[in-house]
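# Chain and residue survey
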4 protein chains.
Amino acid sequence: MENIVKFDERPDLRDPVFIEGLPGVGNVGKIAADHLAEKLNAKRFASVYSKHFPPQVTLDHECVAHLASNGLYYVKDAGKNDLIFLLGDFQGMTAEGQFELAEEFVTLAISMNVSKVFTLGGYGIGNVVEDPRVLGAVSSASMKPELERHGVTFVPGEPSAGIAGASGLILGMAQVRGIDAACLMGETSGYFIDHKSSAVLLKVLMNILDVDIDTKELDERSQQMDEFTSKIKEIAEGQQKDQLGYFG
Amino acid sequence: MENIVKFDERPDLRDPVFIEGLPGVGNVGKIAADHLAEKLNAKRFASVYSKHFPPQVTLDHECVAHLASNGLYYVKDAGKNDLIFLLGDFQGMTAEGQFELAEEFVTLAISMNVSKVFTLGGYGIGNVVEDPRVLGAVSSASMKPELERHGVTFVPGEPSAGIAGASGLILGMAQVRGIDAACLMGETSGYFIDHKSSAVLLKVLMNILDVDIDTKELDERSQQMDEFTSKIKEIAEGQQKDQLGYFG
Amino acid sequence: MENIVKFDERPDLRDPVFIEGLPGVGNVGKIAADHLAEKLNAKRFASVYSKHFPPQVTLDHECVAHLASNGLYYVKDAGKNDLIFLLGDFQGMTAEGQFELAEEFVTLAISMNVSKVFTLGGYGIGNVVEDPRVLGAVSSASMKPELERHGVTFVPGEPSAGIAGASGLILGMAQVRGIDAACLMGETSGYFIDHKSSAVLLKVLMNILDVDIDTKELDERSQQMDEFTSKIKEIAEGQQKDQLGYFG
Amino acid sequence: MENIVKFDERPDLRDPVFIEGLPGVGNVGKIAADHLAEKLNAKRFASVYSKHFPPQVTLDHECVAHLASNGLYYVKDAGKNDLIFLLGDFQGMTAEGQFELAEEFVTLAISMNVSKVFTLGGYGIGNVVEDPRVLGAVSSASMKPELERHGVTFVPGEPSAGIAGASGLILGMAQVRGIDAACLMGETSGYFIDHKSSAVLLKVLMNILDVDIDTKELDERSQQMDEFTSKIKEIAEGQQKDQLGYFG
């Protein structure tokens, strides 16, 4: 086996858009995708098992075992397009595994006639971001004007290190196979799970997809993060003053 | 080659139950399975060779070489069901190898129309266990009442780290392929080969399978372990008292 | 997937010669091949994607993503033969990956009826080289006289450590498949990107292929390197004199 | 590619015996096999290339490149049987690679109707051996009497660590595929290339195969080793005496 794809249902979707939200930098992409899928009552229709995931089962509160997997979910009639979500707790554990899985997902997307692919991620910049932007990378320059209108920023050549992992590979593989694709990245420090960056990313994505959901929970967690960040900053500044006084 | 499966015989079994007992934490599962298979005169009918086992042969007392393998054994008319045992000294050496082998075993089990799969293991808790319980994880919650009646304990979400290796993967793979499966785990410290935990696990398994064998040898080794553990404890307590005296 | 080969065009080439210039020691081969391909306006006609490349996309100044790849380029009517270039920023990341890719490239070369293969590389000798030679290794001894006439030096048994990576494997694989092939290696220290060694290598290659291009840029960078090297040498010698004076 | 097998010739052999002599402990097996093949003018008829060998070419004194390979050689009418030799400078670099190659070789052996397989190796015992024995391991106990008659010693359960690498795997794989096979191991310290152990191993093999060759060179090197070993011993004993005197 490379991968096993198990379908619970074969949904009939209208011009679907494919949205990847697997774990990554600050879990920015995962949190946004999970939140959107949950609020839209996305329904799991397929599971992907792979020898490239960790060799283990996890247990739920019922002691029922679950082989490591990624899940595919769908939503009908939410916005301009039907939606397919790729969600889960794992990425491939090796470079080769990541390629095998990205190819699997893009092949699945093609078999379901997706018209566009969005991969969601975080862009780690190494320090706390007060007003995170959403940076974009695209399979073709022609996609940029529309994304810019919906709040995506394009910084020439950024991220300069490229995009690694599922978000990068699914974008690249979709491009090779001739499907329009973009990676949307919320700016984040890269040091912790970043709900604020996720909230910003989610709102841009909602704009693009023309869907409307309640983001209150995410907004509240964003605000908590802001308060926490301010407090840290005050303490840091207080310490600096003390030190100046000490030497003054 | 991924794996080579070599059949010596194709037994005709009635509603067989598949029991995995490969090496693992404290060898709790292996010892219980080996003991049960031996006492029931289980007969080896197939060998599985794999590039995921160590690249070597071992020699017996006759200097006859044996390529690293796992063996399949059967027992007819022992209890409610005929039995198939998966036994051996090796697990796959890599994550991918463990997946390939688990898939091989579950495919074999399906081809033999097994009705249920039990994987046996140890649950390492990091300290000496006086009265080890047998914890369970299942492919479906509906299996729990019967297992509980036979002495299996279900602790919500435990083992919290999930179940790694052959016991976990065969359970998970069986579930994916639609076969009822459970992992039974004897509690153990995880620091040594634990015959006592094996004896407890074996008795629960005998209850479930409705088979009866002589467990005297295993019980004697359990008792030796108890005596050894008590002695260690006495010494440890003696030292503590001495130390109190010293400071007293 | 092992590799994906995507053709933009299927050029009709006359007796083509295949030239490999992937990254390697001092990037000597890559710089020479990139320079020649650019000056001859070589046209990209195919891309090779592989799970053996790093799992990532890079972004250009337009924020367009590019999956890690090697590219095939062609030039018609440049010299005695049409030319095919294999260029890129990556080699396979593992030993197995390097074999898979070398086999892919040689199979592609054969499918395009190449008459000869040249792989370009650097030969790291561990100290600064004032007048780098171009060493050769061949698939068959009968190729040597012509290459020697064009400036290639053959030193019996050198490089004594053999030739690793794409340059070595493509040469070896071509030989196994019955195609004349040679590896041309510019001598270099092995400690930095060496434009001077590339310029020497390029001129030998131009002789062999009977093509003529402007090498001014590369010559200028060679001269800069010479000046830099002389300066380093003067400083080193000055220090030595000082030390002698100190002890004198 | 896993492996590429390239035939220069398809020899028509009478009841051939297959002899493996790849590098290993003390190179005991390789030296014996190389020597026998050379003296019998064995002719190379096939080359095995593999992605499991190091990714490189080596160069001969003519600067001709050679992709890492193992070679198959044959000898007709040398003794009771025609002979096939497996010789070379490499074994597979990973556990999986060793399995893939062993399977390739045994499949080749079967396709050429070999009646028996001998794998040659060294048995490292950790100290200098004055009179090395030749230990044996077999695919079936019925092979032992004849081998014992020709000078092979069987020590129950030895080597206790089993036999790793090509010699072990080809033996084990031949057994699985139903071919009589034995591994013959010259005792050796394991610390250096051991021509003496090779000479002893070679003579036992010559007995078994009923072939006669000139072993003068190997005998001379054995004698040199004996003299060297004696000298080392004298020095060591001298030192011991001195030390005793010192403390006396």
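Residues numbered from 1 in each chain as written. Chains lettered and ligands numbered in written order. Predicted model: local features only at pLDDT ≥ 70, side-chain atom pairs only at ≥ 80, totals over all residues. Heavy atoms only, no water.

### So, the overall build of chain A
Each helix and strand in chain A was counted, giving six helices and 11 strands. On C-alpha atoms alone, chain A measures out to a radius of gyration of 19 Å, which is about the 18 Å that the 2.2 N^0.38 rule sets for 248 residues. Along the three orthogonal principal directions, the C-alpha set of chain A runs to about 70 × 50 × 35 Å. In chain A, which comprises 248 residues, the share counted as buried stands at 56%. Working note: accessible area of chain A is about 10900 Å², and carbon and sulfur atoms make up 49% of it. Looking at chain A, you have 22 positive and 36 negative side-chain charges, and the mean spots of the two groups are 2 Å apart. (Helix = DSSP H or I, 4+ residues; strand = E, 2+ residues; numbered from the N terminus. Rg over C-alpha atoms; globule rule 2.2 N^0.38 Å. Buried < 20%, exposed > 50% of the residue type's maximum accessible area, 1.4 Å probe, protein only. Areas by Shrake-Rupley, 256 points an atom, 1.4 Å probe, with all protein chains shown as cover. Lys, Arg positive; Asp, Glu negative; His and termini not counted. Charge placed at Lys NZ, Arg CZ, Asp CG, Glu CD.)

### A look at unusual backbone geometry
In this model, E158 of chain B is joined to P159 of chain B through a cis peptide bond whose omega is -5°. As for its placement among the helices and strands, P159 of chain B is situated in the loop between α3 (144–149) and β10 (163–164). Despite not being glycine, D77 of chain C has its phi angle at roughly 55°, a positive value. Tracing the backbone shows D77 of chain C in the loop between β6 (69–75) and β7 (83–88).

### Some thoughts on the relation of the copies chain B and chain A
Superposing chain B onto chain A requires a rotation of 90° together with a translation of 0.2 Å along the rotation axis, leaving an RMSD of 0.1 Å. Viewed as a symmetry operation, the transformation between the two copies matches a four-fold axis. In terms of C-alpha distance to the rotation axis, chain B has E96 of chain B as its closest residue, with the C-alpha 8.1 Å off the axis. (Least-squares fit on C-alpha atoms with pLDDT ≥ 70 in both.)

### Let's talk about the packing of helix α2 (residues 95–111) of chain B against helix α4 (residues 165–176) of chain B
Residues and elements named next belong to chain B. Remark: α2 packs on α4, axes separated minimally by 9 Å, with the N-to-C direction vectors making an angle of 50°. Accordingly, the angle class assigned to the pair α2 and α4 is oblique. Remark: the crossing between α2 and α4 carries right-handed chirality. Contacts between α2 and α4 pair Q98, F99, A102, E103, F105 and V106 from the former with G165, A166, L169, I170, M173 and A174 from the latter. Here the residues of the contact of α2 with α4 are counted per class, giving nine nonpolar, two polar and one charged. (Axes fitted to C-alpha atoms, helices over the stretch in contact; angles between N-to-C directions. Parallel < 35°, antiparallel > 145°, perpendicular 65-115°, else oblique. Left-handed = near helix turned anticlockwise from the far one by under 90°. Contact = heavy atoms within 4.5 Å. Nonpolar A, V, L, I, M, F, W, Y, C, P; charged D, E, K, R; others polar.)

### Focus on the interface of chain B and chain A
By convention, interface size is frequently given as the accessible area that disappears when the constituent parts associate. Each side of the interface is counted separately: chain B has 31 residues, and chain A has 24 residues. Summing the contributions of chain B and of chain A, the shared interface buries around 2100 Å²; its carbon and sulfur component is 63%. Per-residue buried area on chain B facing chain A is highest for E96, F99 and V176 of chain B; these three make up 28% of the total on that side. Summed over the shared surface of chain B and chain A, the result is three salt bridges. K51 of chain A is paired through a salt bridge with E96 of chain B; the nearest N and O atoms lie 3.6 Å apart. In this assembly, chain B and chain A are joined by 11 residue pairs in polar contact (both at pLDDT 80 or more). Listing elements by their share of the side of chain B that touches chain A, those giving two or more residues are α2, β9 (134–138), β10 and α4 of chain B. (Buried area = accessible area lost by both parts, 1.4 Å probe. Salt bridge = Lys/Arg side-chain N within 4 Å of Asp/Glu carboxyl O. Polar contact = N/O pair within 3.5 Å; in protein donor to acceptor, adjacent residues only side chain to side chain.)

### A few points about the environment of F18 of chain A
Residue and element names in this part refer to chain A. If you trace the backbone, F18 turns up in strand β2 (residues 17–21). Given the relative accessible area of 2%, F18 is considered buried. F18 sits 141 residues away from P159 along the chain, and the two C-alpha atoms are 23 Å apart. Ignoring any residue separated from it by four or fewer positions in sequence, one finds F18 in contact with L72, I84, L86, F105, A109, V114, K116, V117 and F118.

### As for the packing of aromatic side chains
Aromatic ring pairs: the centre-centre distance and the angle between the two ring planes describe each pair. For the coordinates displayed, the defined rule picks out 12 aromatic pairs over all chains. A ring pair is formed by F7 of chain A and F45 of chain A, whose centres lie 6.3 Å apart and whose planes are at 35°; its orientation type is tilted. A residue pair is termed long-range when its members are at least 10 positions apart, and F7 of chain A in strand β1 (residues 3–7) and F45 of chain A in strand β3 (residues 43–50) qualify at 38 residues. Stacked on the ring of F7 of chain C, the Lys or Arg R10 of chain C has its end atom at 3.6 Å from the ring centre. (Phe/Tyr/Trp six-rings, centres within 6.5 Å; stacked < 30°, edge-to-face > 60°. Lys NZ or Arg CZ within 6 Å of the ring centre and 35° of its normal.)

### Focus on the arrangement of the chains
For chain B and chain C, which are not in contact, the least C-alpha distance works out to 16 Å. Taking C-alpha atoms only, the smallest gap left between chain A and chain D, which are not in contact, amounts to 16 Å.

### Topic: the sheet that holds strand β11 (residues 181–188) of chain B
Residue and element names in this part refer to chain B. Within the open sheet, the eight strands sit side by side as β1-β3-β6-β7-β2-β8-β11-β9. Their pairing is mixed. Two strands bound the open sheet, and with one partner strand each, they are β1 (3–7) and β9. This sheet shows a mean twist of 20° between the axes of neighbouring strands, independent of strand direction. Contacts from α4 reach β2 (17–21), β7 (83–88), β8 (116–124), β9 and β11 within the one sheet, and its direction differs from that of β8 by about 150°. (Pairing = 2+ DSSP bridges.)

### Things to note about helix α4 (residues 165–176) of chain C
Residue and element names in this part refer to chain C. An ideal rise of 1.5 Å per residue puts 16 Å on 12 residues; α4 measures up with 16 Å between its terminal C-alpha atoms. For α4, a buried count of 12 out of 12 residues is recorded, marking the element as mostly surrounded by other parts of the structure. Within α4, burial applies to G165, A166, S167, G168, L169, I170, L171, G172, M173, A174, Q175 and V176. Backbone geometry just downstream of α4 places G178 in the positive-phi region, at approximately 85°. (Expected span 1.5 Å × (residues − 1).)

### Let's talk about the confidence of the model for chain A
Per-chain confidence: chain A averages 93 in pLDDT, with 96% of residues scoring 70 or above. This complex was scored by the predictor with a pTM of 0.90 and an ipTM of 0.91. (pLDDT = per-residue confidence, 0-100.)

### Here's the deal with the sheet that holds strand β2 (residues 17–21) of chain D
Residue and element names in this part refer to chain D. Here we have eight strands laid out as an open sheet, ordered β1-β3-β6-β7-β2-β8-β11-β9, and mixed in their pairing. Every other strand in the sheet has two partners, leaving β1 (3–7) and β9 (134–138) as the edge strands with one partner each. For this sheet, the mean angle separating the axes of adjacent strands, direction not counted, is 20°. Looking at chain direction, strand β3 (residues 43–50) and strand β6 (residues 69–75) are connected through six bridges and run antiparallel. Bridge pairing in β6 links V48 to N70. Against the sheet, helix α4 (residues 165–176) contacts β2, β7 (83–88), β8 (116–124), β9 and β11 (181–188), and its axis sits at roughly 145° relative to β8.

### Remarks on the pattern of salt bridges
Per the stated rule, a full pass over the model turns up 59 salt bridges over all chains. Residue E146 of chain A pairs with K80 of chain A through a salt bridge whose shortest N-O separation is 4.0 Å. Placement of E146 of chain A in helix α3 (residues 144–149) and of K80 of chain A in the loop between β6 (69–75) and β7 (83–88) is noted, with a sequence separation of 66 residues between them. It is possible to trace a salt-bridge network through shared partners that takes in E2 and K51 of chain A together with E96 and E100 of chain B.

### Observations concerning the interface of chain A and chain C
Listed per partner, the contact involves 31 residues of chain A and 24 residues of chain C. Between chain A and chain C the total buried area reaches about 2100 Å² when both faces are included, carbon and sulfur atoms providing 63% of it. On the chain A side of the interface with chain C, the three residues burying the most area are E96, F99 and V176 of chain A, jointly 29% of the side's total. Inspection of the region where chain A meets chain C yields three salt bridges. One salt bridge connects E100 of chain A with K51 of chain C, and the closest N-O pair in it is separated by 2.8 Å. For the pair chain A and chain C, the interface holds 11 residue pairs in polar contact (both at pLDDT 80 or more). Of all the secondary structure elements, the ones that give two or more residues to the side of chain A that touches chain C are α2 (95–111), β9 (134–138), β10 (163–164) and α4 (165–176) of chain A. By residue number, the principal contributor to the side of chain A that touches chain C is α4 of chain A, which donates eight residues. Tallied by class, the residues present in the side of chain A that touches chain C amount to 16 nonpolar, 10 polar and five charged. In this sheet, strand β4 (residues 56–59) of chain C lies alongside β10 of chain A in antiparallel orientation, the contact comprising two bridges.

### Looking at the pairing of β7 of chain B
Residues and elements named next belong to chain B. With six of its six residues buried, β7 lies for the most part within the structure. Alternating residues of β7 divide into L83, F85 and L87 and I84, L86 and G88, and every residue in both groups is buried. Strand direction decides the pairing type here: strand β6 (residues 69–75) and β7, joined by six bridges, are antiparallel. When the bridges of β7 are listed, Y73 appears paired with F85.

### So, a nonpolar patch on the surface
On the surface, V128, Y191 and F192 of chain A cluster together into a nonpolar patch covering about 320 Å² of accessible area. Relative to the elements of secondary structure, F192 of chain A occurs in the loop between β11 (181–188) and α5 (195–209). (Patch = residues over 30% accessible without salt bridge, like charges linked within 9 Å, V, L, I, M, F, W, Y side chains within 5 Å.)

### Observations concerning the side chain of H52 of chain C
With respect to the helices and strands, the residue H52 of chain C is situated in the loop between β3 (43–50) and β4. Residues contacting H52 of chain C, with those up to four places away along its chain left out, are E96 of chain A together with E2, N3, Q91, G92, M93, T94, G97, E100 and L101 of chain C.

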